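So you can see what is in the structure, the chains are spelled out below.
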Amino acid sequence: MNRNGYRFFALTLVFVLSLAVLGAGAPAKAAEYTWSFAQPWTRPLTDASFTKFCDRVKEYSGGRIEVRFFPSGQLGSHDENFHAMQEGSLEIGVFSPYPTLVPGGCVPNMTWIIVNWNEMRLAYRQPDGILYRVMKDAFEDVDGHLLFACSQGAYGLGNNKRPLRTPDDLKNLKLRVSASPGGVKTLTNMGRGRGVMLETIPWGELYNALSRGVVDGCWTMWASLVEERHCEVLKHYSDLNFIWDSTYVVMNKELWDSLPDDLKAAVTKASLETEAELLAVQEKAEKDFVEKLKGRKDFTITWLTPEERDAFREASDMGPMWEELCGKWLEERYPGQNMVKVIPAELEKIHKEVTAKGATQ
């Protein structure tokens, strides 16, 4: 190589190294979208998965979307977050389907819609699960776009008198209820002619009410039995599974509609992966709670067979309740489609399909 060749090589090398140094020192390219994701409750299990959701959105969007997660009510209360999502000052939040905020929330607040995790997977399967379809529409009515559903599981019945295996075992029990119309009406029907009494007591006062004998029992769930120590003030628990806990991760619909298709696909992919992960995490957590409770000598668990659970379901007389509690919204949203019959029928089909496979817990 002659002198000119060496000089050209050296200059080229310096130029390349300079670009590398400048590139290394340059700030990272800013995201096109920066969103906030609010969690109004303190729930470490779900928070870990929600954090992964934010990471997935960034990865799948190629860094074009950055989502910042704010847990434990850092951005306000549930209702404050909901209204902020509606108006667009908050991009994403996790919400309960309170009918006062989401009129279509009357549907997932019904009893007996889901009794186990496998039924939930089918009912909320995207895009054709019956509850996914209905709740997607319900949130669209209030300016939201449903990303995915999540849950802590099912509510059973705990009490301090006796194991509950048949509706007759409810005889003369005084049970705590909330202002949930579906749950109250269900217990009223199951307890008809059996002397059941219902008392409305705030959830935060339930532990003391049980310890002082103000009520004999209540609906509760595995997580609450352990983490809220309900097992200390209850002697018996039956896995009735008649109420299913559901919350929803929802983003502002106007923002969703404005996204290009490739970014919608990125957010959807992150949502589906996070939903599947959350179901697995919560189902495992439930099993861990059960194992802890099995070790208590002063606490009994009554495992119901599908047939025993169905006897409670029949005693609940759900048909009129669907019309009373959901009929108005369903007819307004789906005129002439008779959804007050279609939804329970599809849920019953899922229930029979899962039960036939033996997945009853």
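In every chain, residue numbers begin from 1 and rise along the written sequence. It should be noted that, the model being predicted, local features are given only for residues of pLDDT at least 70 and side-chain atom pairs only at 80 or more, the latter also being counted only at that level, while totals for whole chains, interfaces and linings use all residues. Computation of side-chain values covers all heavy atoms of the structure but excludes hydrogens and water.

## So, the overall build of the protein chain
In terms of regular secondary structure, the protein chain is built from 13 helices and nine strands. Its C-alpha atoms give the protein chain principal-axis dimensions of about 105 × 55 × 40 Å. Among the 361 residues that make up the protein chain, the fraction classed as buried is 49%. We call two residues in contact whenever any of their non-hydrogen atoms come within 4.5 Å of each other. Within the protein chain, counting contacts between residues at least 6 apart in sequence, those at least 24 apart form 77% of the total. All accessible areas in this document rest on Shrake-Rupley with a 1.4 Å probe, and a residue is counted as covered only by the protein chains that are shown. Surface summary for the protein chain: the accessible area is close to 17,300 Å², and the carbon and sulfur share equals 53%. In the protein chain, 42 side chains carry a positive charge and 49 a negative one; their mean positions are 5 Å apart. What counts as a helix is a DSSP run of H or I of at least four residues, what counts as a strand is a run of E of at least two, and both are numbered from the N terminus. Think of it in three bands: with a 1.4 Å probe and only protein chains considered, a residue is buried below 20% of the maximum accessible area for its type, exposed above 50%, and partly exposed in between. In summary, the charge assignment counts Lys and Arg as positive and Asp and Glu as negative, without counting His or the chain termini. In plain terms, the charge of a residue is placed at NZ if it is Lys, CZ if Arg, CG if Asp and CD if Glu.

## A closer look at the packing of aromatic side chains
Any Phe, Tyr or Trp ring, taking Trp's six-membered ring, that has another such ring centre within 6.5 Å forms a pair; planes under 30 degrees apart are called stacked, those over 60 apart edge-to-face, and the others tilted. Within the structure shown, the criterion is met by 16 aromatic pairs. Judged by centre distance (6.1 Å) and plane angle (65°), the rings of Tyr33 and Trp35 are edge-to-face. Relative accessible area serves as the criterion here: at 3%, Trp35 is assigned to the buried category. Measuring from centroid to centroid gives 5.1 Å for Phe37 and Phe69, while their planes differ by 65°, and the two rings are edge-to-face.

## A closer look at the pairing of strand S1 (residues 33–38)
Both S1 and strand S2 (residues 65–70) contribute to a ladder of six bridges, which runs parallel. What sits directly across from Phe37, in S2, is Phe69. When the strands point away from the viewer and the connection leading from the first strand across the helix to the second strand turns clockwise, the crossover is called right-handed. For the segment spanning S1, helix H2 (residues 44–60) and S2, crossover handedness is right-handed. In this sheet, strand S3 (residues 92–95) lies alongside S1 in parallel orientation, the contact comprising two bridges. Counted as the bridge partner of Ala38 is Gly93 from S3. Two strands pair if DSSP finds at least two bridges between them.

## Examining the nonpolar core
The nonpolar core is taken to be a set of buried Ala, Val, Leu, Ile, Met, Phe, Trp, Tyr and Cys residues, with the residues joined through side-chain atoms within 4.5 Å. Judged by nonpolar contacts, the single largest core of 61 residues is most densely connected at Val107 and Trp322. Core analysis: the next-biggest nonpolar cluster, separate from the first, contains 23 residues, Phe50, Phe148, Met251 and Ala270 among them.

## Regarding the confidence of the model for the protein chain
pLDDT runs from 0 to 100 and stands for how confident the predictor is about each residue. Predicted confidence across the protein chain gives a mean pLDDT of 92, with 91% of residues reaching 70 or more. Throughout residues 2–26 the model reports pLDDT below 50, and contacts reaching past four residues in sequence, or to other chains, amount to one contact.

## Description of the pattern of salt bridges
Think of a salt bridge as a Lys or Arg side-chain nitrogen and an Asp or Glu carboxyl oxygen that are within 4 Å of each other. Summed over the entire model, instances satisfying the criterion amount to 24 salt bridges. Ionic pairing is found between Asp288 and Lys284, a salt bridge with its closest N-O pair at 3.1 Å. Taken together, the residues Asp288 and Lys284, both in helix H10 (residues 261–294) and four residues apart, mark about one turn of the helix. Take Asp288: its relative accessible area is 37%, and that puts it in the partly exposed class. Taking the relative accessible area as the measure of exposure, Lys284 reaches 51% and is therefore exposed. Connected via shared salt-bridge partners are Lys52, Arg56, Glu273 and Glu277.

## Re unusual backbone geometry
Cis geometry marks the peptide bond from Gln126 to Pro127, where omega comes out at 5°. Of note, Pro127 is situated in the loop between helix H4 (117–123) and helix H5 (130–140). Its identity is not glycine, yet Asn172 carries a phi of approximately 60°, on the positive side. Structurally, Asn172 can be placed in the loop between strand S4 (144–159) and strand S5 (174–177).

## A short note on the side chain of Thr274
Among the secondary structure elements, Thr274 is positioned in helix H10. Thr274 gets classed as buried once you look at its relative accessible area, which sits at 0%. At a separation of 3.0 Å, a polar atom in the side chain of Thr274 contacts the side chain of Arg56. When near neighbours in sequence (up to four residues on either side) are disregarded, Thr274 contacts Ser49, Phe53, Arg56 and Phe148. Polar contacts here mean pairs of N or O atoms no more than 3.5 Å apart (in protein, one a potential hydrogen donor and the other a potential acceptor; neighbouring residues in sequence count only if both atoms are side-chain atoms).

## A short note on helix H6 (residues 181–190)
Residues Gly182, Gly183, Thr186, Leu187, Asn189 and Met190 constitute the buried set of H6. Along H6, the residues classed as buried sweep out an arc of 160° about the axis, all on the same side. Starting at the helix axis, one direction is taken to each C-beta atom, and the arc is that of these directions.

## Thoughts on the pairing of S3
The two faces of S3 match: Ile92 and Val94 on one face and Gly93 and Phe95 on the other face are all buried. Where S3 lies against strand S8 (residues 236–252), four bridges are found, and the strand directions are antiparallel. In the sheet register, Val94 faces S8, and the bridge partner there is Val249.

## Notes on the packing of H5 against helix H13 (residues 339–356)
The contact between H5 and H13 brings their axes to 10 Å, and the two run at 145°. Counting all contacts with H5, which are made through Ile130, Leu131, Arg133 and Val134, the residues of H13 involved are Met339, Ile343, Glu346, Leu347 and Ile350. Fitted lines through C-alpha atoms serve as axes, helices being fitted only where they are in contact, and the angles separating the N-to-C directions of these axes extend from 0 to 180 degrees.

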